[in-house]
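For reference, the chains in residue letters:
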Amino acid sequence: CKERKYAHMMITIAGCGALGSIFASKLLDGGYQVQAYQRQVATLDALKTGLTIESEDRSSSRKYQLAAVSDSVQNLEPTELIIVLVKLFSTAEVAPLRDILKEGGILLTLQNGLGNAEILSSIFGEEKIAAGTAHWGAIKRAPGIVQEAGGALIVLGPWYAGKDMTRVADILEGAAFNVKYVE
């Protein structure tokens, strides 16, 4: 891992399904604090007792404890980075996270589908949005149990032209992600 200039910061994962769980585990391994904003489903309850990540060949697993897991922002800490990984149809449901995004904070969307960044820009302001793609695989085996399925690259950049979002790339690189930053 490269030197983590942003170590110990709080990062919020919005949508801690298969891919969100992989992000949470890698960020925790990178020394960051991670909390999850998760809708009220079986995954919410499972994550409260811990997140289990299985290796790609399922020969080993590791359990992680998140700083907080909730479907209510009142139970979450102020955060400097929100990584949105909810399904397209749930994008607007992350709006309450405005209340915990710190001044100067950034929201990164790595969601599938089109229109996510536009929705998030209308809620949070386009200058706070970074957008990208995650070329990463994960398989949800059960609520709170995810198998790695290989990863290659995160490509991201600012949604608002000219806004510097390199610190998001630095944070992800600090968690051992392979990141390509684009303007």
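Above this text you will find the structure in question.
Residues numbered from 1 in each chain as written. Predicted model: local features only at pLDDT ≥ 70, side-chain atom pairs only at ≥ 80, totals over all residues. Heavy atoms only, no water.

Undergrad: Help me get a handle on the overall build of the protein chain, residues and values and all.
TA: Secondary structure assignment for the protein chain yields four helices and 10 strands. The N-to-C order of helical and strand elements in the protein chain reads β-α-β-α-β-β-β-β-β-α-β-β-α-β. Relative to a compact globule of 183 residues, whose C-alpha radius of gyration would be 16 Å, the protein chain shows 15 Å and is just as compact. For the protein chain, the spread of C-alpha atoms along the principal axes amounts to about 45 × 35 × 30 Å. The 183 residues of the protein chain split such that 51% are buried. Intrachain contacts of the protein chain at a sequence separation of at least 6 include 66% that bridge at least 24 residues. Total accessible area on the protein chain stands at roughly 8,500 Å², and carbon and sulfur atoms take up 48% of it. Taken as two groups, the 18 positive and 20 negative side-chain charges of the protein chain have centres that lie 4 Å from each other. (Helix = DSSP H or I, 4+ residues; strand = E, 2+ residues; numbered from the N terminus. Rg over C-alpha atoms; globule rule 2.2 N^0.38 Å. Buried < 20%, exposed > 50% of the residue type's maximum accessible area, 1.4 Å probe, protein only. Contact = heavy atoms within 4.5 Å. Areas by Shrake-Rupley, 256 points an atom, 1.4 Å probe, with all protein chains shown as cover. Lys, Arg positive; Asp, Glu negative; His and termini not counted. Charge placed at Lys NZ, Arg CZ, Asp CG, Glu CD.)

Undergrad: Which residues make up the side chain of Gln-111, and what are the values?
TA: Here Gln-111 shows up in the loop between strand S7 (101-109) and helix H3 (116-124). The exposure class assigned to Gln-111 is buried, which follows from its relative accessible area of 9%. Within the local environment of Gln-111, its side chain forms a polar contact with the backbone oxygen of Val-86, the two atoms lying 3.0 Å apart. (Polar contact = N/O pair within 3.5 Å; in protein donor to acceptor, adjacent residues only side chain to side chain.)

Undergrad: Give me unusual backbone geometry: which residues, what numbers.
TA: Positive phi values are uncommon outside glycine, yet Arg-58 reaches one of about 65°. Looking at the secondary structure, you find Arg-58 in the loop between strand S3 (51-54) and strand S4 (61-64). Positive phi values are uncommon outside glycine, yet Ala-176 reaches one of about 70°. Its place among the elements puts Ala-176 in the loop between helix H4 (166-174) and strand S10 (179-181). With relative accessibility at 45%, the residue Ala-176 sits in the partly exposed group.

Undergrad: Tell me what's going on with the nonpolar core, and back it up with residues and numbers.
TA: Side chains that are nonpolar tend, in soluble globular proteins, to be buried together. Ranked by size, the top nonpolar core spans 38 residues in total, and within it Phe-23, Leu-27, Ile-83 and Leu-172 carry the most contacts. Of all the elements, helix H1 (residues 18-29) adds the most residues to this core, at five residues. Apart from the residues lying within four places of it in its own chain, the contact partners of Leu-172 are Phe-23, Leu-27, Ile-83, Leu-108, Ile-154, Leu-156, Phe-177 and Val-179. Counting 20 residues, the second-largest nonpolar core is a separate cluster that includes Ile-100, Leu-120, Ile-123 and Ile-129. (Core = buried A, V, L, I, M, F, W, Y, C linked by side-chain atoms within 4.5 Å.)

Undergrad: So what about H3? Which residues, and what values?
TA: Among the residues of H3, Asn-116, Ala-117, Leu-120, Ser-121, Ile-123 and Phe-124 are the ones counted as buried. End-on, the buried residues of H3 take up no more than an arc of 165°, which puts them together on one face. Residues of H3 that are buried in the fold lie against strand S6 (79-84), S7 and strand S8 (129-142). Positive phi shows up at Gly-125, right after H3, with a value of about 100°. (Arc of directions from axis to C-beta.)

In short, shape yes, function no, at least from these values alone.
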